[in-house]
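# Structural overview for review
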Amino acid sequence: QVQLVESGGGLVQAGGSLRLSCAASGRTFSSYAMGWFRQAPGKEREFVAAISWGGASRNYADSVKGRFTISRDNAKNTVYLQMNSLKPEDTAVYYCAASGGNIASIASSPYWGQGTQVTVSS
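The rules behind the values
- Residues numbered from 1 in each chain as written.
- Predicted model: local features only at pLDDT ≥ 70, side-chain atom pairs only at ≥ 80, totals over all residues.
- Heavy atoms only, no water.
- Helix = DSSP H or I, 4+ residues; strand = E, 2+ residues; numbered from the N terminus.
- Rg over C-alpha atoms; globule rule 2.2 N^0.38 Å.
- Buried < 20%, exposed > 50% of the residue type's maximum accessible area, 1.4 Å probe, protein only.
- Contact = heavy atoms within 4.5 Å.
- Areas by Shrake-Rupley, 256 points an atom, 1.4 Å probe, with all protein chains shown as cover.
- Lys, Arg positive; Asp, Glu negative; His and termini not counted.
- Salt bridge = Lys/Arg side-chain N within 4 Å of Asp/Glu carboxyl O.
- Polar contact = N/O pair within 3.5 Å; in protein donor to acceptor, adjacent residues only side chain to side chain.
- Pairing = 2+ DSSP bridges.

## A few points about the overall build of the protein chain
In terms of helices and strands, the protein chain carries zero helices and eleven strands. Traced from its N-terminal end to its C-terminal end, the protein chain shows the element sequence β-β-β-β-β-β-β-β-β-β-β. Against the 2.2 N^0.38 benchmark of 14 Å for 122 residues, the protein chain shows a C-alpha radius of gyration of 13 Å, consistent with a compact globule. The principal-axis extent of the C-alpha atoms belonging to the protein chain is close to 40 × 25 × 25 Å. Considering the protein chain as a whole, with its 122 residues, one finds that 40% of them fall into the buried category. Sequence separation of at least 24 residues holds for 57% of the intrachain contacts in the protein chain that already meet a minimum separation of 6. Carbon together with sulfur atoms contributes 46% to the accessible area of the protein chain, which is approximately 6300 Å² in total.

And the structure:
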């Protein structure tokens, strides 16, 4: 069993930055691919970023590419999402997820955090 806890959300002005953290339990954390997703009010959940178990492969949604950076520290069982140049359209609840498979399998994984709210004002 893997338990994920997100933190770091908040309210910021457009152009500002936030760093989200996702702390994971479980001795097999380093073998899991990790990802971030978000869901805005009235919208479907969408992919944001993902990172492979070793950190060598990273994928980003086109909407955040160049602004967001995903990273992981396996020694701390934590994955991060650094968000720069934030826009109002980035407002959403952000969730992290983990998968024992590859990056493509993250969305269907049963391991999800409860989410952290990010609000970006104009």
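## Considerations on the side chain of arginine 72
Among the structural elements, arginine 72 can be located in strand β7 (residues 68-73). No salt bridge is formed by the buried arginine 72. Its closest oppositely charged neighbour is aspartate 73, at 8.4 Å. Of the polar contacts made by the side chain of arginine 72, one reaches the backbone oxygen of tyrosine 32; its length is 2.6 Å. Within the structure, arginine 72 has its side chain in polar contact with the side chain of asparagine 74 (distance 2.7 Å).

## A word on the pairing of strand β9 (residues 92-99)
Burial within β9 is extensive, with six of its eight residues counted as buried. As paired elements, strand β4 (residues 33-39) and β9 share seven bridges and run antiparallel to each other. The partner of glutamine 39 across the bridge, within β9, is valine 93. Note that β9 and strand β11 (residues 116-121) share three bridges and pair antiparallel. Looking at β11, one finds that alanine 92 is bridged to valine 118. Alignment of β9 against strand β10 (residues 111-112), held across two bridges, turns out to be antiparallel.

## Notes on the environment of glycine 100
Take glycine 100: it is sitting in the loop between β9 and β10. Along the primary structure glycine 100 and valine 2 are separated by 98 residues, whereas in three dimensions their C-alpha atoms are 10 Å apart. Residues within four places of glycine 100 in sequence aside, it is in contact with Ser31 and Tyr32.

## Comments concerning unusual backbone geometry
Most peptide bonds take the trans configuration, and most residues that are not glycine carry a negative phi. Notably, asparagine 77 is not glycine yet its phi reads approximately 55°, a positive angle. Structurally, the position occupied by asparagine 77 is in the loop between β7 and β8 (78-83). By relative accessible area, asparagine 77 is classed as partly exposed at 25%. Positioned with a positive phi, serine 85 is a non-glycine residue whose angle comes to about 50°.

Remember, this is a structural readout, not a statement about activity or role.
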